[in-house]
Amino acid sequence: MNSVEKTIMEYFLKNISVGEIVAVIDLREEVKKKIRSGELTYGEIDDAVIERDLLTIITSLIKRGFLEYNMGVFNLAGWIRDYLKKKYKSLDPGVSKSLEKIVND
């Protein structure tokens, strides 16, 4: 996964389920924060371009089975929710989770 995909996945590992508009706004601001801090290099720091790119990547993650979309809401895929429940006994919405830790555990 590239760094923007990781940012998106960590966002959904934390939030589990988020409305489309809120998710795009939150993720846009997170990407801009990472660009400003130097954590992420990005071609253009224009809100519309970042949002378009985020939706393209989210669509890819849906097609690859990592996220789901239903009636204006993006969700962490069911199999990932089940894995987190089994492994950690809870989804712990609102609690940040490291993608690297989950993958490597």
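Scroll up to find the structure.
In this text the structure is predicted, and so the values were computed from the model without any measurement.

Undergrad: Teacher, can you tell me more about the sheet that holds strand 1 (residues 17–19) here?
TA: What holds strands together in a sheet is hydrogen bonding between their backbones, with the strands either parallel or antiparallel. Sheet architecture is open: 3 strands sit in the order 1-3-2, paired in antiparallel fashion. The open sheet terminates on both sides in strands that have one partner only, identified here as strand 1 and strand 2 (67–70). Averaged over all neighbouring strand pairs, the angle between strand axes comes to 20°, with direction disregarded. The pairing of strand 2 with strand 3 (residues 73–76) spans 4 bridges and is antiparallel. Residue pairing across strands places Glu68 opposite Asn75, the latter belonging to strand 3. Helix 4 (residues 78–88) rests against strand 2 and strand 3 of the sheet, and its axis sits at about 45° to strand 3.

Undergrad: I'm lost on the packing of aromatic side chains in this one. Help?
TA: For any pair of aromatic rings, geometry is given as the distance between the ring centres together with the angle between the planes. Enumeration according to the criterion identifies 4 aromatic pairs in this entry. Aromatic pair Phe12 and Phe74: ring centres 6.2 Å apart, planes at 85°, arrangement edge-to-face. Of this pair, Phe12 sits in helix 1 (residues 3–15) while Phe74 sits in strand 3, and the two are 62 residues apart along the sequence. With a relative accessible area of 0%, Phe12 lands in the buried category. Look at Phe74 and you get buried, because its relative accessible area is 3%. An angle of 50° between the planes, with centres 5.1 Å apart, marks the rings of Tyr69 and Phe74 as tilted. The class for Tyr69 is partly exposed, based on a relative accessible area of 41%. By the ring-pair criterion, three or more aromatic residues cluster together here, those being Tyr11, Phe12, Tyr69 and Phe74.

Conventions we followed
- Residues numbered from 1 in each chain as written.
- Predicted model: local features only at pLDDT ≥ 70, side-chain atom pairs only at ≥ 80, totals over all residues.
- Heavy atoms only, no water.
- Pairing = 2+ DSSP bridges.
- Helix = DSSP H or I, 4+ residues; strand = E, 2+ residues; numbered from the N terminus.
- Axes fitted to C-alpha atoms, helices over the stretch in contact; angles between N-to-C directions.
- Contact = heavy atoms within 4.5 Å.
- Phe/Tyr/Trp six-rings, centres within 6.5 Å; stacked < 30°, edge-to-face > 60°.
- Buried < 20%, exposed > 50% of the residue type's maximum accessible area, 1.4 Å probe, protein only.

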